[in-house]
Amino acid sequence: MKRRFAVMTLLPLCFASHLVIGQEQSPPLQADVQVRVNHGDRRLVLFRARLEGGEATLRGTVQNLPGGETVLVSLHFDYNGDDDIALDELISQIVVSTSDKAGNEFSRITVDPTTVPLNPNRAPLYYSATLYHPPRNGRSLYIARIRYLEISRTGAVS
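Residues numbered from 1 in each chain as written. Predicted model: local features only at pLDDT ≥ 70, side-chain atom pairs only at ≥ 80, totals over all residues. Heavy atoms only, no water.

1. Some points on empty space enclosed by the protein
One way to see where empty space is left: roll a probe the size of a water molecule over the atoms.
So, step 1. Scanning the model with the defined rule gives one cavity of 30 Å³ or more in all.
So, step 2. The volume enclosed by the largest cavity comes to roughly 30 Å³.
So, step 3. Contributing elements (two or more residues each) for the lining of the largest cavity: β4 (70-79), β5 (85-99) and β8 (125-132).
So, step 4. Counted by class, the lining of the largest cavity contains seven nonpolar, one polar and no charged residues. (1 Å grid on protein atoms, 1.4 Å probe; cavity = no way out; pocket = protein on both sides within 12 Å on 5 of 7 lines; lining within 4 Å. Points joined across faces, edges and corners; volume = space filled by probe spheres on them. Helix = DSSP H or I, 4+ residues; strand = E, 2+ residues; numbered from the N terminus. Nonpolar A, V, L, I, M, F, W, Y, C, P; charged D, E, K, R; others polar.)

Given below as structure tokens:
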């Protein structure tokens, strides 16, 4: 009986190491932008962020759409540099979400553009997403969050 108990106790530990080894590391987070948006305002809210580890930039707008329930988030990735050698960026994911001021996520969309690299000194990349935003519930603001994850960089001559 004691031998069976010892085997049953150690058995889960054997599988636990395989689970940890089998888990993939998530790609590095290159940008995490949070934009405060007024519920009743239909004007464009502009934002800009420099992406980590390079000269690439993310610019965008957030705009409430007619009807009062949805928001359009437009993204513009651009990569200009003066270096003789620059790195292409392969984008793993772009995650756009809306949440209330307390941080409770309301809506999310994930863009998976891994086959389109962001090349230095070449054409910019554009993406847009329409999401529902949190109901007003007596609050005047909500948050639109944009996270950009990079999967890898490859060498390129600019």
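2. As for the nonpolar core
One recurring pattern in soluble globular proteins is that nonpolar side chains are buried together.
So, step 1. In this structure, F47, V62, L75, F77, I94 and I146 are the most contacted members of the largest nonpolar core, which totals 27 residues.
So, step 2. Counting only elements with at least two residues in this core, the list comes to β1 (29-38), β2 (45-50), β3 (56-64), β4, β5, β8 and β9 (141-157).
So, step 3. The greatest single-element share of this core, amounting to five residues, is contributed by β4.
So, step 4. With near-sequence residues (within four places) excluded, L75 lies in contact with F47, L58, R59, G60, I94, V96, L125, Y126, Y127 and I146. (Core = buried A, V, L, I, M, F, W, Y, C linked by side-chain atoms within 4.5 Å. Buried < 20%, exposed > 50% of the residue type's maximum accessible area, 1.4 Å probe, protein only. Contact = heavy atoms within 4.5 Å.)

3. Topic: the packing of aromatic side chains
So, step 1. In this structure the tally under the stated criterion is two aromatic pairs.
So, step 2. Measuring from ring centre to ring centre gives 6.2 Å for F77 and Y127, while their planes differ by 75 degrees; the resulting arrangement is edge-to-face. A residue pair is termed long-range when its members are at least 10 positions apart, and F77 in strand β4 and Y127 in strand β8 qualify at 50 residues.
So, step 3. Given a relative accessible area of 0%, F77 falls into the buried group.
So, step 4. A ring pair is formed by F77 and Y148, whose centres lie 5.1 Å apart and whose planes are at 40 degrees; its orientation type is tilted. (Phe/Tyr/Trp six-rings, centres within 6.5 Å; stacked < 30°, edge-to-face > 60°.)

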